[in-house]
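Structure at a glance
Below are the chains, spelled out letter by letter.
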Amino acid sequence: MDGNSRWAKKNNVSQKEGYLKGFDKINEITDLCIKNNIKYLTLFALSTENFKRTSIDILFNIISSNYDMILKKLSNNKKIKVNIIGEKHNLPKKIKNYLFEIEKKTSKNKILYLNVAFNYGFMKELLYLVNNIVDLSKKNRIIINEKLIKQNLYLPETPNPDILIRTGGFSRLSNFF
C-alpha cells in the first residue's frame, strides 16, 4: 500500500479519504487472493520512517473509528488470519489493543494469511532477530545458520515472497524485507 496521500492530493480529496480508499483496496486484494487460492499476502501498511509523519494521527483515527468494520471485513466468513508485524511498543495503547484483538479474533482462520507490516522497518526486524538469537544463546549453545535466522524473523512460518508490487509508482523498497 503506497501513495494514499499522493492519490488524495491528485484526486482533490482529504488525506483521510485517501487512506480510506487504501482500506477499500485491502478488501479488493484479499478477495482476489482468496478467489485465486493465494495463501499468503503481506501488506506494507506503515513503515517505521512514516511513523513520524503528522498524518499518522489520521491513520490511528481511521483504525479507532472503523475497528468493528475492519474486523468484520477481515474475518469475513472466517477466511483471513491476520498477523501484525512491526514495532508495537511505541504505538498508542488503544491501537495496540485493536491490533491484538484483530489477531486474536482471526487466529483460527486458515484460508488466507494476511501479514500486515505496521510500523515495520527491516532494520528493526534485524534487531528483533539478533536479540532473539542472543537470548537463545544465553540458554543454550547454538549454531547460527539460515534455519535459525528464519525461525527468529517476524514471520518464521511464512514462505519468501514470490512477487513484490509497489503501487505508488516508486522503484524502491522503503525498508521492506
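Residues numbered from 1 in each chain as written. Predicted model: local features only at pLDDT ≥ 70, side-chain atom pairs only at ≥ 80, totals over all residues. Heavy atoms only, no water.

With that settled, the discussion passes to unusual backbone geometry. Of note, Asn12 is a non-glycine position whose phi angle comes to about 55°, a positive value. For Asn12, the position within the fold is in the loop between helix H1 (4-10) and helix H2 (15-35). Although it is not a glycine, Asn119 sits at a positive phi angle of roughly 60°. Relative to the assigned elements, Asn119 resides in strand S3 (residues 112-120). Assessed through its relative accessible area of 1%, Asn119 is described here as buried. (Helix = DSSP H or I, 4+ residues; strand = E, 2+ residues; numbered from the N terminus. Buried < 20%, exposed > 50% of the residue type's maximum accessible area, 1.4 Å probe, protein only.)

On the surface, Phe122, Met123 and Leu126 cluster together into a nonpolar patch covering about 260 Å² of accessible area. Tracing the backbone shows Met123 in helix H6 (residues 122-139). (Patch = residues over 30% accessible without salt bridge, like charges linked within 9 Å, V, L, I, M, F, W, Y side chains within 5 Å. Areas by Shrake-Rupley, 256 points an atom, 1.4 Å probe, with all protein chains shown as cover. Salt bridge = Lys/Arg side-chain N within 4 Å of Asp/Glu carboxyl O.)

In this section: the pattern of salt bridges. Enumeration according to the criterion identifies three salt bridges in this entry. With a closest N to O distance of 3.3 Å, Lys25 and Glu28 form a salt bridge. Of the two residues, Lys25 and Glu28 are both situated in helix H2; the distance of three residues between them amounts to about one turn of the helix. The salt bridge partner of Glu103 is Lys88, with a shortest N-O separation of 3.7 Å. On the criterion of sequence distance, the pair formed by Glu103 in helix H5 (residues 93-105) and Lys88 in the loop between strand S2 (80-85) and H5 is long-range, its members being 15 residues apart. Owing to a relative accessible area of 30%, Lys88 belongs among the partly exposed residues under this scheme.

This part is about the nonpolar core. Counting residues in each nonpolar core, the largest one holds 29 residues, and the members touching the most others are Val82, Ile95, Leu114 and Phe118. Looking at this core, the elements with two or more residues in it are H2, strand S1 (40-47), helix H3 (56-65), helix H4 (67-74), S2, H5 and S3. Among the elements that make up this core, the one with the highest residue count is H3 (five residues). Setting aside residues up to four positions removed in sequence, Leu114 forms contacts with Thr30, Leu41, Leu43, Leu74, Ile80, Lys81, Val82 and Asn83. (Core = buried A, V, L, I, M, F, W, Y, C linked by side-chain atoms within 4.5 Å. Contact = heavy atoms within 4.5 Å.)

Another aspect to go through is the packing of H3 against H5. Look at H3 against H5: their axes get within 10 Å of each other, and the N-to-C directions meet at 50°. Taken together, the axis directions place H3 and H5 in an arrangement best described as oblique. The two elements H3 and H5 meet at a crossing, and its hand is left-handed. Along its contact with H3, which presents Phe60, Ile63 and Ser64, the element H5 presents Lys94, Ile95 and Tyr98. (Axes fitted to C-alpha atoms, helices over the stretch in contact; angles between N-to-C directions. Parallel < 35°, antiparallel > 145°, perpendicular 65-115°, else oblique. Left-handed = near helix turned anticlockwise from the far one by under 90°.)

The next point concerns the confidence of the model for the protein. Close inspection of predicted coordinates is inappropriate in any region flagged by low pLDDT. In the predicted model, the protein carries a mean pLDDT of 85, and the fraction of residues at 70 or more is 89%. The secondary-structure element of the protein with the lowest mean pLDDT is H4, recorded at 79, while S2 shows the highest, at 94. (pLDDT = per-residue confidence, 0-100.)

Inspection of the secondary structure puts Ile84 in strand S2. Each residue touching Ile84, except ones within four places of it in the same chain, is listed here: Leu99, Glu103, Val116 and Phe118.

Another point: H4. Buried residues of H4: Tyr67, Ile70, Leu71 and Leu74, and no others. Summarising the axial view, the buried residues of H4 lie within an arc of 95°, below the 170-degree limit, and thus occupy one face. Those residues of H4 that are exposed and angled more than 90 degrees off the buried face are Asp68 and Lys72. The inward-facing, buried residues of H4 abut H2, H3, S2, H5 and S3. (Arc of directions from axis to C-beta.)

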